[in-house]
Amino acid sequence: MGHLLAYSIASGAVLLVLWAVYRRLLAAENQPGFNRAVLLAIYAVALAAPLLAPLMQSPGTSHAGLALPGAARLTGFEAPDTASAHTAVWLTGLYVAGAVCAAAATVATAVRLWAIVHSGRMTRAEGYVDVRIGRSDVAPFSWGRYMVMGAGEDAASAAMIEAHELAHIRARHYIDLVVSQLVCILMWYNPAAWLMQRELKAVHEYQADRDVLGAGCDPRTYQLMLLKKTVGLRFPSLANSLNHSNLKKRITMMYSKKTSVARRCRAAALVPAAAMALALLGAPAVSGAMSRLAASTAIDAKVTAKPAHAQEPRAAAPAAPAEPAAMPAAEVQPQYRGGEAAMFKYMMENMRYPEEAEKARQEGRVVVGFTVTADGGVEDIKIKRSVSPSLDAEAMRVVSGMSGSWQPGSVDGKPVRCTMAIPVSFKLQ
């Protein structure tokens, strides 16, 4: 989940920048079709941004990309940091809880919509389903291919409502809403995600209003009908409600002139804005922070220790089993002699990309667990996270070569055994 949180933060930052540019330059323009395309493009760029910027690489970005023998590289490694790992775990837990709540609210809204739709009288037509319900507290809306309105609507209002909702259905606005809602779940903490959804729904209404008026409906009669429908239950996340959005803005948009083609060039400002956002995300400080967040919850960062002189307690009686001795945490954690730079240098000089993995185009992060003994040796080497047998074996081989190169952890100044974990990422060039 750490990777998902890092991805969400990076993508959300780009979304926020591009939304701000759109809001400043394009939101007030009378070009709903063009603006819809721009908003969907912003979603695409924001979701792809973390894949374009070097955010999801392993920690150690100052060394990332150094060549290994063969057409491969070691993207980095990091010894566990207990404090930062615990913080990352809490952040990830909070993020997951929020995402679950947002998803649950979405499901609840979908269930309510389903119940309302299936409570009415359905008539199948070409390309949609006409649903008439007996409730007056629900504003007309479209959901997927369902067009829902009250059974008591007069003929004139029903014709305008039908034209409006069919415009939503034919334009497949419901697909946009699904995408925007998924983004809101992914970035529930980010105001830009919800503001983008609101902009998208406003554009949908502008498009539907334009289609209704373009079909020959009298603007004044249509606006009076909208005023009568300003009350009623709305479904802000998944359905296009007739009374959605600011009615004053919708009426203003109906009377404003269509934006000229030349003014559409203002959308070009999004290109440098996106480039600047990507450059910022690719900065070593930012990408390093994102990488550490992504990696910190993917490994077992808790270091436990057992004093080297500790002995198993004797049994109280022959028939009673012995109780295991408590394993106190190390006060001073093990350190590679020479520091992380020396450890990285050792790994870069000794790591070899397995030929079998290279041919199979295998990549990924191998997490190797091991024990640093009281004399600085390495034993009990295990794979905590596997990628493939060949990459696992190579990571274990290199870690085993570190034996004797560690400054052991200690408790009360006495050396103790400590368990460690090192993630090693393999990436083909």
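Residues numbered from 1 in each chain as written. Predicted model: local features only at pLDDT ≥ 70, side-chain atom pairs only at ≥ 80, totals over all residues. Heavy atoms only, no water.

**Let's talk about helix α2 (residues 32–52)**
Put simply, the rule is: Secondary structure elements are defined from DSSP: runs of H or I of at least 4 residues count as helices, runs of E of at least 2 residues count as strands, and each element is numbered from the N terminus. Take the residue count of a helix, subtract one, and multiply by 1.5 Å to get its expected span. Type-normalised accessible area, obtained with a 1.4 Å probe on protein chains alone, sets the label of each residue: buried when under 20%, exposed when over 50%, and partly exposed for intermediate values.
For α2, spanning 21 residues, the distance from its first C-alpha to its last is 29 Å, which sits close to the expected 30 Å at 1.5 Å a residue. For α2, the full list of buried residues reads Pro 32, Asn 35, Arg 36, Val 38, Leu 39, Ile 42, Tyr 43, Ala 46, Ala 49 and Pro 50.

**Let's talk about the pattern of salt bridges**
To be explicit about the condition: A pair is scored as a salt bridge if a Lys or Arg side-chain nitrogen falls within 4 Å of a carboxyl oxygen belonging to Asp or Glu.
Counted under the stated rule, the structure contains 11 salt bridges. As a salt-bridge pair, Glu 199 and Arg 23 come within 2.5 Å of each other at their nearest N and O atoms. Residue Glu 199 is located in helix α6 (residues 191–214), and its partner Arg 23 is located in helix α1 (residues 2–25); the two are separated by 176 residues in the primary sequence. Of the residues examined, Glu 199 reaches a relative accessible area of 7% and is grouped as buried. Judged by its relative accessible area of 37%, Arg 23 falls in the partly exposed class. In this structure, the salt-bridge partner of Arg 132 is Asp 130, at a minimum N-O distance of 2.9 Å. For Asp 130, a relative accessible area of 12% translates into the label buried. Because the salt bridges share partners, they merge into one network encompassing Glu 29, Arg 263 and Arg 266.

**Examining the environment of Ala 13**
For clarity, the cut-off: Only heavy atoms matter for contacts: two residues are in contact if any of them lie within 4.5 Å across the pair.
Here Ala 13 lies in helix α1. Judged by relative accessible area, which is 35%, Ala 13 ranks as partly exposed. Excluding residues within four positions of it along the chain, Ala 13 makes contact with Asn 190 and Leu 281.

**Thoughts on the packing of helix α4 (residues 155–170) against α6**
As a reminder, the rule being used: All axes here are fitted lines through C-alpha atoms, helices being fitted over the stretch that makes contact, and every angle between N-to-C directions spans 0 to 180 degrees. Roughly parallel means an angle under 35 degrees; roughly antiparallel, over 145; roughly perpendicular, 65 to 115; everything else is oblique. Here is the rule for handedness: rotate from the far helix to the near one, and if that takes an anticlockwise turn smaller than a right angle the crossing is left-handed, while a clockwise turn gives right-handed. In the scheme used here, Gly and all other residues not listed as nonpolar or charged are polar, with Ala, Val, Leu, Ile, Met, Phe, Trp, Tyr, Cys and Pro taken as nonpolar and Asp, Glu, Lys and Arg as charged.
Between α4 and α6, the least distance of the axes is 8 Å, while the angle of their chain directions is 130°. Overall, the two elements α4 and α6 adopt an arrangement that is oblique. By crossing handedness, the relation of α4 to α6 is classed as right-handed. Contacts between α4 and α6 pair Met 160, Ala 163, His 164, Ala 167 and His 168 from the former with His 204, Glu 205, Ala 208, Asp 209, Asp 211 and Val 212 from the latter. For the contact of α4 with α6, the class distribution of residues is 5 nonpolar, 3 polar and 3 charged.

**Some words on the confidence of the model for the protein chain**
Threshold: For every residue, the predictor states its confidence as a pLDDT score lying anywhere from 0 to 100.
Scored by pLDDT, the protein chain comes out at a mean of 79, with 77% of its residues at no less than 70. Confidence, read as mean pLDDT per element, is least for strand β8 (residues 305–307) in the protein chain (34) and greatest for helix α5 (residues 173–186) (95). In the model, residues 55–83 has pLDDT below 50 throughout and makes 94 contacts with residues more than four positions away in sequence or in other chains. Per-residue pLDDT stays below 50 along residues 297–328; that stretch engages in 52 contacts with residues further than four places along the chain or on separate chains.

**Concerning helix α13 (residues 389–400)**
In this model, α13 (12 residues) spans 16 Å end to end at C-alpha, consistent with the 16 Å of a helix rising 1.5 Å per residue. Those residues of α13 lying buried are Ser 390, Leu 391, Asp 392, Glu 394, Ala 395, Val 398 and Val 399. Where α13 is buried, its residues contact α11 (339–350), α12 (355–359), β10 (364–372), β11 (378–385) and β14 (414–428).

**Focus on the packing of α2 against α5**
In a pair of packed helices, the angle between the axes and the distance between the axes together describe the arrangement. Two numbers describe how α2 lies on α5: the axes approach to 12 Å, and their chain directions differ by 35°. In the packing of α2 onto α5, the handedness of the crossing is left-handed. Taken together, the residues of α5 that come into contact with α2 (itself represented by Arg 36, Leu 40, Tyr 43 and Leu 47) are His 173, Asp 176, Ser 180, Val 183 and Leu 186. Each residue belonging to the contact of α2 with α5 can be placed in one class, and the counts come to 5 nonpolar, 2 polar and 2 charged.

**Section: the packing of aromatic side chains**
Within a pair of aromatic rings, the relevant descriptors are the distance that separates the centres and the angle that separates the planes. Applied cut-off: Here is the rule: rings of Phe, Tyr and Trp (six-membered ring for Trp) pair when centre to centre is within 6.5 Å. Planes less than 30 degrees apart are stacked, more than 60 are edge-to-face, and the remainder are tilted.
Applying the stated criterion to the full structure yields 7 aromatic pairs. An aromatic cluster is defined as three or more aromatic residues linked by ring pairs; in this entry it consists of Tyr 336, Tyr 346, Phe 370 and Trp 406.

**Remarks on the nonpolar core**
Nonpolar side chains tend to gather and get buried jointly when the protein is soluble and globular. Worth spelling out the cut-off: Buried Ala, Val, Leu, Ile, Met, Phe, Trp, Tyr and Cys residues that are joined via side-chain atoms within 4.5 Å together make up what is termed a nonpolar core.
Core analysis: the largest hydrophobic core is formed by 33 residues, its most contacted members being Leu 15, Tyr 22 and Ile 42. Mapped onto this core, the elements with two or more residues apiece are α1, α2, α5, α6 and α9 (270–281). A per-element tally of this core places α1 first, with 9 residues. One finds Met 343, Val 368, Met 420 and Leu 428 within the second-largest nonpolar core, a separate group that totals 23 residues.

**Describing the environment of Tyr 255**
Quick note on the threshold: Think of a polar contact as two N or O atoms within 3.5 Å of one another; within protein, one of them needs to be a possible hydrogen donor and the other a possible acceptor, and neighboring residues in sequence only count if both atoms come from side chains.
Take Tyr 255: it is sitting in helix α8 (residues 247–255). Distance in space between the C-alpha atoms of Tyr 255 and Pro 219 is 9.2 Å, their sequence separation being 36 residues. In this structure Tyr 255 touches Pro 219 and Gln 223, once residues within four positions along its chain are discounted. Polar side-chain contacts of Tyr 255 include one of 3.3 Å to the side chain of Gln 223.

**Focus on unusual backbone geometry**
In this model, Arg 172 sits at a positive phi of 55°, which is unusual for a non-glycine residue. A positive phi angle is found at Arg 361, which is not glycine, with a value near 55°. With respect to the secondary-structure elements, Arg 361 resides in the loop between α12 and β10.

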